[in-house]
Structure formats: structure tokens, C-alpha cells
Amino acid sequence: MAKVAAELQYSDEHEWVSREDGNVVSIGISAVATDALGDIVYVDLPEVGSAVTAGETCGEVESTKSVSDLYAPVTGEVTEINPNVIEDPALINSDPYGAGWLFKVAADSEGPLLSAEEYAAKNGGEL
């Protein structure tokens, strides 16, 4: 079973949200998603300064199995992207909740998010 980080919140589309300072959140994809995708070979992230809207696509994750849309779990402005995952997308597989984070957003609002317990129960992950 894939690990679900207890301190995070999750979207139905498998993105996780971590609260940072103020209204800034870090966003990545869950280990449940990385297990389903297989080896990630390319990631397309939103540009710094661009606006993202909760529930709408904002990028792509490409693996050896498929290409999947990346959905914004919050609405706001992208403040930072993780250059390390662009250079080495395998970081998303090896450390999805740490070094494999994708981007940060100054959030104005958030979409519907699940607790770690709700996400794990719904998607077969373990806390």
C-alpha cells in the first residue's frame, strides 16, 4: 500500500497540499498517484506568476505508462516551482512528500480537500 502523509490534505485528483507561511501552500502529488503512474519521466508545471484555479488543470505529469493532467487544489498565484523535479522528475517517485514537491501558491481559496484519513480510505493508501 502507498504511504499517505498524515499531516497533509488531498484533492480527489491525488494532489497534496501543505500549509506554509501565511496563505502559501506547497503542492505535490501523492504516493498513491506515483504508484499508479509508474516511473515519472517529465513534468510540466505552471509558470511563476500565473494564476491557478482549484479543480482546473495547471500542468501535466508524464510517466512511462501515461500522461496525466495536474490539477490545482487551490486558487491563487504561483509563487515558486521546484526546479529539481523539472531536472529530475524521478524525485516525484522517490520522495513525493519531500524533495518531490511541485509548486507553491499564494492561495486565495481552496477547492474541496480531503483529510489524510479520508484520502487513504478512499484510495487504498496507508497512514
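Because the structure is a prediction, the values reported are computed rather than measured.

(A) The overall build of the chain, seen in detail. When helices and strands are counted, the chain shows 4 helices and 9 strands. For the chain, the succession of helices and strands along the chain, N to C, is β-β-β-α-β-β-β-β-β-α-α-β-α. Counting only C-alpha atoms, the chain reaches 35 × 30 × 20 Å along its principal axes. The buried share of the chain, reckoned over its 127 residues, is 46%. Within the chain, contacts between residues separated by at least 24 positions form 62% of all contacts whose residues are at least 6 apart in sequence.

(B) A look at the sheet that holds strand β6 (residues 57-63). The 3 strands are arranged β4-β6-β7 in an open sheet whose pairing can be described as antiparallel. Of all the strands in the sheet, the pair left with one neighbour each is β4 (40-44) and β7 (67-71). On average, each strand axis in the sheet is tilted by 25° relative to the strand beside it, whichever way the strands run. Relative to β6, β4 runs antiparallel, the two sharing 4 bridges. Note that in β6 the partner of tyrosine 42 across the bridge is glutamate 62.

So, how was this worked out
Residues numbered from 1 in each chain as written. Predicted model: local features only at pLDDT ≥ 70, side-chain atom pairs only at ≥ 80, totals over all residues. Heavy atoms only, no water. Helix = DSSP H or I, 4+ residues; strand = E, 2+ residues; numbered from the N terminus. Buried < 20%, exposed > 50% of the residue type's maximum accessible area, 1.4 Å probe, protein only. Contact = heavy atoms within 4.5 Å. Pairing = 2+ DSSP bridges. Axes fitted to C-alpha atoms, helices over the stretch in contact; angles between N-to-C directions.

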